[in-house]
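Per-entry structural report
The primary structure of each chain is shown beneath.
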Amino acid sequence: MPFKYVDKLLHCDGVNLADIAEQYGTPAYIYSERSLRRNVEVLKEIFIDRGFKVSYAMKANSNPTILKLFRSYGLGVDIVSAGELQMAKHCGFDGAEINFAGVGKTIEELDLALALEIDHFNVESRFELELLEARAKIAGKKAGVLLRLNPDIDPQTHPHISTGLKQNKFGMSPENVRYFLTEAKSYPHIQFDGIHCHIGSQILQPQPFFDLIEYLEQFTDSLKAGGVDITHIDLGGGFGVNYEDPFEDILETTPFLESIAQRAMEKLGKYQLHIQPGRVLVANAGVLLAQVLGNKENGGHHFVIIDAATTELIRPALYDAYHAIFSHREGRPLRMGDVVGPVCESSDALAKHRDMPEFEKDDLMIIGSAGAYASSMGSTYNLRPLSPEIVVNVGGETQLTRKRQSFDEMISLYS
Ligand SMILES: Cc1ncc(COP(=O)(O)O)c(C=O)c1O
């Protein structure tokens, strides 16, 4: 287990988190290289070794050290913006290792991606298809496209992270996907490779994926019967992690990954299969390290106020997400309360009504599962500088992979 108590103090791969706090300050994100490697090795064995293409959804965490590590295992990247495209390029991914997803893309983004000859665009609407056709024509290129199909499957997860229901903004109806594939010749600068779906995130059961595979089998059979052939199917991301016990192994939480891969090969193996996982690769490889500024009581309520806030981890405020709270010191008595930050919003809370270890002023608090959608969703609200990201490598050395933003850097953006 990369994060564990040693002599009653929480360590990451042998490094005392208090030493990291002293060296780099708080708040800070700490990532375990050992844990990142374990996650990617599991996915490689289950998916890549079976012939799937795995593209890491870098929106989960776009730290270049992590991106380069994943690339070394043969993963590509799933990007959603020009910024992510530039970061992928910076990390050495070439066009053939990049796919561009997202519900809307600007002309500048399409042009940049066309110039880089990325593997494919995931297209979600007619207006985007028409724009891409026009830009590809100007660029004198043929753009690879997977149409994003909205299969109306309930992923049984939080409504804010379910994306494959027909009332969601994502994807196209099966009728529209069929229509565009049949009309492929009207888009001479587009190569229609196949279909993409992403039904949601933090999915902890295999059934929604089995439903998706079955749906796609029937849909592609009916396309074939209508004379339409495709070559690629992308099943999206969405594999969940254990937020209650973040230090549990990936396969304890998602023992069903193998059965999803098997089922997909069985039913859709004649296509080039893709997945685009984000969270499962990074969430539990990271923690957020914070310091307690003090305790207070208000209206019979106990608050622990820390130096981290929704600016470092917005998930609890955004979708009531649960993140486990640990004390640096093992064996503290439990006390019910809220963990809140200094940001001037009532929603600025990281845990509510929680039985958690008792904290004293200056204690270190460790917030679990902060490897995904934490730093990448970070903001500078209240002019709080972005926090540093530290990787503890397998040799037990710390590497500052993103420095803390300086006040000068923030101020220099203004004229
Ligand atoms: C299109 C697409 N693919 C992949 C992902 C990654 O999802 P997850 O981090 O749940 O694996 C997302 C997440 O929003 C997405 O929208």
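Numbers given for residues are sequential positions, taken from 1 along each chain in its written order. The model is predicted, so local features are restricted to residues of pLDDT at least 70 and side-chain atom pairs to those at 80 or more, both for listing and for counting; the totals for chains, interfaces and linings are taken over all residues. Computation of side-chain values: all heavy atoms of the structure, hydrogens and water removed.

Helix and strand assignments follow DSSP, with helices taken as H or I runs no shorter than four residues and strands as E runs no shorter than two, numbered in order from the N terminus. The helix and strand tally for the protein chain stands at 13 helices and 20 strands. Each residue is assigned to one of three classes by its accessible area relative to the maximum for its type, calculated with a 1.4 Å probe on protein chains only: buried under 20%, partly exposed between the two thresholds, exposed over 50%. Residues counted as buried form 55% of the 415 residues belonging to the protein chain. Within the protein chain, residue pairs in contact and separated by at least 24 positions form 71% of the contacts whose partners lie at least 6 positions apart. Only the protein chains shown count as cover for residues, and all accessible areas are computed by the Shrake-Rupley method using a 1.4 Å probe. For the protein chain, the exposed surface amounts to about 17300 Å²; the carbon and sulfur share of it is 50%. Residues scored as charged are limited to Lys and Arg (positive) and Asp and Glu (negative), so that His and the chain ends carry no count. The atom standing in for a charge is NZ when the residue is Lys, CZ when it is Arg, CG when it is Asp and CD when it is Glu. The positive charge centre, built from 40 side chains, and the negative charge centre, built from 56, are 3 Å apart in the protein chain. Whether two residues are in contact is decided by their heavy atoms, any of which lying within 4.5 Å being enough.

When a carboxyl oxygen of Asp or Glu is within 4 Å of a side-chain nitrogen of Lys or Arg, the pair counts as a salt bridge. In this structure the tally under the stated criterion is 21 salt bridges. A salt bridge links D111 to R135, with the nearest nitrogen and oxygen atoms 2.8 Å apart. Residue D111 is found in helix α5 (residues 107–115), and its partner R135 is found in helix α6 (residues 126–139); the two are separated by 24 residues along the sequence. Overall, the relative accessible area of 26% leaves D111 in the partly exposed class. Salt-bridge contacts for D229 lead to K224; the nearest nitrogen and oxygen are separated by 3.0 Å. For D229, a relative accessible area of 55% translates into the label exposed.

Turning to a nonpolar patch on the surface, a few remarks are in order. What makes a patch is a set of residues exposed beyond 30% relative accessible area and free of salt bridges, joined within 9 Å when like-charged and within 5 Å when nonpolar (Val, Leu, Ile, Met, Phe, Trp, Tyr). On the surface, a nonpolar cluster with roughly 410 Å² of combined accessible area is contributed by L383, L413 and Y414. On the secondary structure map, Y414 appears in the segment after α13 (407–411).

Attention now goes to the site of the ligand. If even one non-hydrogen atom of a residue comes within 4 Å of a molecule or strand, that residue is called near it. Lining the immediate surroundings of the ligand are 14 residues, of which S201, G238, Q276, R279 and Y373 lie closest. K59 is positioned with one of its side-chain polar atoms (N or O) 3.5 Å from an oxygen atom of the ligand. Polar contact is defined as a pair of N or O atoms within 3.5 Å, subject to the rule that within protein one atom must be able to donate a hydrogen and the other to accept it, and that residues adjacent in sequence are counted only when both atoms are side-chain atoms. One of the side-chain nitrogen or oxygen atoms of S201 is found 2.3 Å away from an oxygen atom of the ligand. Against a free-state accessible area of 390 Å², the protein chains account for coverage of 90% of the ligand. Put simply, Ala, Val, Leu, Ile, Met, Phe, Trp, Tyr, Cys and Pro go in the nonpolar bin, Asp, Glu, Lys and Arg in the charged bin, and everything else, Gly too, in the polar bin. A class-by-class count of the residues in the shell around the ligand yields three nonpolar, seven polar and four charged.

This next bit is on the domain arrangement of the protein chain. Boundaries between domains were set according to an automatic or database domain assignment. Under the domain assignment used here, the protein chain contains domain 1 (3–30 + 284–411) and domain 2 (102–275). Here the C-alpha centroids of domain 1 and domain 2 sit 35 Å apart. Listed per partner, the contact involves 12 residues of domain 1 and nine residues of domain 2. Taken together, the two surfaces of domain 1 and domain 2 that pack against each other cover about 1100 Å², and 61% of this comes from carbon and sulfur. Remark: the boundary between domain 1 and domain 2 carries zero salt bridges. Summed over both partners, the accessible area (1.4 Å probe) lost when two parts come together is defined as the buried area.

Let us look at unusual backbone geometry. Of the consecutive residues T26 and P27, the connecting peptide bond is found in the cis state with omega at -5°. Here P27 shows up in the loop between α1 (17–24) and β4 (28–32). A positive phi angle is found at N382, which is not glycine, with a value near 65°. You can see N382 is positioned in the loop between β18 (364–367) and β19 (389–392).

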